[in-house]
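Residue-level structural notes
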Amino acid sequence: MSAIEIIATAARSMGYRDEAVVRNYTFADVLDPADSTRTVLLAAFTQTPPSYRSAALAAVMGGKGDTMELVKAHRALGAPLLFVIEDDLISLWQVRGDAPPRVIERLSTDNLPALFERHQAIWAPDAIHRAKSIGAIDQSYQLDFVDIGLLPAVEGEIHLKLDRLLIDALTAASQAQKGKKHETRLLFRVVFRLLAAKVLQDRQHPYAQGWNAADLSSVLRAIESYYSLPSVPIGGRQSVPAAFTAAWECLRRGISFANISSDDLAFVYENTFVTPETRKHFGTHSTPRQLAEYAVSRLELHRHRPEDLKVYEPFAGAGTFLVSALRHVRDLLPIDWSDQQRHDFLVGSLSGDEVDAFACEVATLSLILADYPNQNGWHIAETNLFEGGVLAERMRGQNVILCNPPFESFAVNERALYPIANKSYSKPVAVLAAALNAHPLALAFVLPRPFILDRQFAEQRRTIEKLYGDVELVELPDRIFGASGIESALLVAREPRPPAPAIITLRSTEVSDRDRLTFLQTGKTTTERQLVRPVDEPASGDLWVPPLQTLWQFLAAAPRLGHHFTIHRGIEWKSAQDSAWSTQRHAGYRRGLHTARGAKQFVSARPVWLDCRPERLLYSAIYLPWDKPKLIVNAGRLSRGPWRIAAALDNKGFVCSQQFFGLWPYGSLSDRQLLTFTAVLNGPIANAFLAVHSPAKGMRISAVGQIPLPPVMPDHAGELVAEYVGLLREPVALNQNEERLATLLMQIDAAVLGAYDLPARLERQLLDYFRGVERPVAHPWQHWDVNDPTPGLTLSERASGRFRAHGSWIQKVFQPLPREEAELLHTFRA
């Protein structure tokens, strides 16, 4: 018996179904820039239809070249195990994503049966399938030979190349139609049919034998028959638009879909074709694929029996959550189930509703693609969930709720129409409250970022604390939604109480702005913090574990800025702010600061003339003591990073617009003392505090007032600031002073941090929080560790210069023991 026959027989005996053990399997090498096609002698899959997600093991014939390179060339198959056959010698390799492949064992053909018998438990299809699908989430399912980096590596390239292929098809269609533009819905429907046809054709489905691939009309009718879809109005063979023919020919020439997971096609189809234009035109919304994947994976559905899960997506949009849930639930189903059994189960376990007809169609078609090779059976209901008690009724009986609700408030006319609006004017608050009333096993919600801390969501946060034992909040960066710049967060709650004990595990995860694209491509987050605590009685709703939590606990008893200053926002106008200033003086205008855009620390913005006529103003901020010495701070964040504010001393009586806060001391303070406060406000502690405790674009006055101060203000910092500001004002080229400015700024920061007297460990965490970000100062700035990377020393110790390393300082500090002491120690140890 040949090695291939032995491997095939052994795989079947371990539980791999006959149709899942495939001879001469061909697949597209998506990791090859040339998009080559490769063939393995045999491949065994944990499930059908075959794809890189279900590939378990494969065998190839060795050659004269480098065996390691041969194994690397077959990574795109997705199989963690690869047998390389060279005459009577077999080598078994672990295939890895980024790392070089690793040889596991070398043996003769005669020893193959014993090898399979030895590894029967861990090579079984269900074991490998769980390791590939759940291993990255739950370590208990991991297997040492399954590299958890392989699947993401293949998946990422597949999505890039599928997206590129679909864009090429659209471009070809556009060029072929010669100025004639087809209706968007028709194009969307036709492209779905073309994708479905390519899947059936590349996978050599028997149904594909019944059409003529050169006759697009016949292809479209066959797909419509297979999936029970209505006919698209394109006419007969002679009248098929050239645009659709061009798109079909482009897809046919593209990479093979044979080894591509069907849910990948669904995700890319939705992502590529539901563009900002179609979202705007049809009102269709969508959730980024990796956000949906991250949310569903964190629900850990594998901890439940599949038959206990009823997944529901209200406001489904294009159905991205449902497509992700489909794959995760399908991975939990018995390996020996047929495709039809899985389909019937999934259709009965997943459902969704959406008010927009076009979005319903997109979601339904996406689910059909994700559920290959099964015929249709999916239906996303076109429903206005805000009417009457529809939302509550639809959520009843659903125990996993996935939702990206509309973010806006109810309009005035909607408040009269919908009773649900009586409970809250905020649509996300109303939808989340309805979901919590249904008491699901688990839920995942995309919400406005203020959910994390703001009062309007306090009641829902308290309810979540009461109901669930495991809660994760993810702070997402701006522009996470390609079509929207809205600030958002993700809530994931599971482990309902009871039976969960009266403790709660809180996870607070962040995706920084610099990692936004990485997250959208791979789902990798920037940082995660975890806290396990008893459930508060009554529930506090404090679900967010802030960055630098230990630092804030250390500073809990520190004096606060609000104890020394009264804080007010600047003047506001009845008309647009842009028309309320001038470079020229006019009657009723006063000298002041108009915009905080581009503000720099320690220096005031360029003054202009502000319209201060009482009849043009809102509120009474004009009557504040603007002529008195004060500090000026921007009222809106300066960046998405941790550097949020720029404070400066104003002793010229400037009036400020609403883009600034004015801070007036309660008592009489000298300019030097006020400069010391600017050193504190421009330092890392104040900026980190506001980044953590007032994360929205507009900062809260209450948060500014709560900035912790040193127990004793470092007065010498004011002298350093005076020199620093004076140097900035010198009429010499700024770059002539850059080195001195950088030194002074470090000394200012060191003086401030020294006054807080932080433990070295906490100071290190604080400084690391600012790594890799730009500081809003008027000269080049580098992180403190770049200028002075001395480990183990505080910033004040580094700035003092007392701990500079000179010569062979290690030998001086760590001198050897005297010989007599060394001999005594040796005798003692013996």
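Just above sits the structure.
Described below are features of the structure shown in this document. This is a predicted model, so every value here is computed, not measured. (Residues numbered from 1 in each chain as written. Predicted model: local features only at pLDDT ≥ 70, side-chain atom pairs only at ≥ 80, totals over all residues. Heavy atoms only, no water.)

Thoughts on a negative patch on the surface
- Together, Glu-86, Asp-87, Asp-88 and Asp-110 line one region of the surface with negative charge.
- For Asp-88, the location among the structural elements is in the loop between strand E4 (81-86) and strand E5 (89-94).
- Judged by relative accessible area, which is 41%, Asp-88 ranks as partly exposed. (Patch = residues over 30% accessible without salt bridge, like charges linked within 9 Å, V, L, I, M, F, W, Y side chains within 5 Å. Areas by Shrake-Rupley, 256 points an atom, 1.4 Å probe, with all protein chains shown as cover. Salt bridge = Lys/Arg side-chain N within 4 Å of Asp/Glu carboxyl O. Lys, Arg positive; Asp, Glu negative; His and termini not counted. Charge placed at Lys NZ, Arg CZ, Asp CG, Glu CD. Helix = DSSP H or I, 4+ residues; strand = E, 2+ residues; numbered from the N terminus. Buried < 20%, exposed > 50% of the residue type's maximum accessible area, 1.4 Å probe, protein only.)

As for the packing of helix H13 (residues 320-330) against helix H14 (residues 339-349)
- Running from N to C, H13 and H14 cross one another at 130 degrees; their axes reach a closest spacing of 11 Å. When the axes of H13 and H14 are compared, the pair comes out oblique. Read as a crossing pair, H13 and H14 show a hand that is right-handed. Residues Leu-326, Val-329 and Arg-330 of H13 lie in contact with H14, whose contacting residues are Arg-342, Phe-345 and Leu-346.
- Its residues assigned to classes, the contact of H13 with H14 comprises 4 nonpolar, no polar and 2 charged. (Axes fitted to C-alpha atoms, helices over the stretch in contact; angles between N-to-C directions. Parallel < 35°, antiparallel > 145°, perpendicular 65-115°, else oblique. Left-handed = near helix turned anticlockwise from the far one by under 90°. Contact = heavy atoms within 4.5 Å. Nonpolar A, V, L, I, M, F, W, Y, C, P; charged D, E, K, R; others polar.)

Some remarks on the sheet that holds strand E7 (residues 311-313)
- Ordered by their spatial adjacency, 9 strands build an open sheet running E9-E8-E7-E10-E11-E13-E12-E14-E15, and the pairing between neighbours is mixed. Each end of this open sheet is capped by a strand with a single partner; those strands are strand E9 (381-382) and strand E15 (527-534).
- One ladder, built from 6 bridges, connects strand E12 (residues 468-475) with strand E14 (residues 503-510); its direction is parallel. Residue pairing in the sheet places Asp-470 in a bridge with Thr-505 of E14.
- Relative to strand E11 (residues 442-448), helix H18 (residues 427-437) is tilted by about 170 degrees, and along the sheet it contacts strand E10 (400-403), E11, E12 and strand E13 (488-496).
- Packed onto the sheet, helix H19 (residues 458-467) meets E12, E13, E14 and E15 and runs at close to 140 degrees relative to E12. (Pairing = 2+ DSSP bridges.)

Digging into helix H9 (residues 242-253)
- Look at H9: 17 Å from first C-alpha to last across 12 residues, which is about the 16 Å you get at 1.5 Å a residue.
- The complete set of buried residues in H9 reads Ala-243, Phe-244, Ala-247, Trp-248, Cys-250 and Leu-251. All buried residues of H9 lie within an arc of 160 degrees about the axis, which places them on one face of the element. (Expected span 1.5 Å × (residues − 1). Arc of directions from axis to C-beta.)

Describing empty space enclosed by the protein
- Counting across every chain of the model gives 4 cavities of 30 Å³ or more.
- Of the volumes computed, that of the largest cavity is approximately 270 Å³.
- Put simply, the parts of the chain that give the lining of the largest cavity at least two residues each are helix H5 (125-134), helix H10 (262-273), H13 and H14.
- The element contributing the most residues to the lining of the largest cavity is H5, with 3 residues.
- Residue classes in the lining of the largest cavity are distributed as 5 nonpolar, 9 polar and 10 charged. (1 Å grid on protein atoms, 1.4 Å probe; cavity = no way out; pocket = protein on both sides within 12 Å on 5 of 7 lines; lining within 4 Å. Points joined across faces, edges and corners; volume = space filled by probe spheres on them.)

Looking at the packing of aromatic side chains
- With the rule as written, the count across this model stands at 25 aromatic pairs.
- Ring geometry for Phe-386 and Phe-410: centres 5.0 Å apart, planes at 75 degrees, overall edge-to-face. On the criterion of sequence distance, the pair formed by Phe-386 in the loop between E9 and helix H16 (390-395) and Phe-410 in the loop between E10 and helix H17 (412-417) is long-range, its members being 24 residues apart.
- Overall, Phe-410 belongs to the buried group, its relative accessible area being 1%.
- The interplanar angle of 85 degrees and the centroid separation of 5.8 Å between the aromatic rings of Trp-643 and Trp-781 together place this pair among those described as edge-to-face. One end of the pair, Trp-643, is in the loop between strand E22 (630-634) and strand E23 (647-650); the other, Trp-781, is in the loop between helix H27 (760-769) and helix H28 (784-787), with 138 residues separating them in the sequence.
- Of the residues examined, Trp-781 reaches a relative accessible area of 17% and is grouped as buried. (Phe/Tyr/Trp six-rings, centres within 6.5 Å; stacked < 30°, edge-to-face > 60°.)

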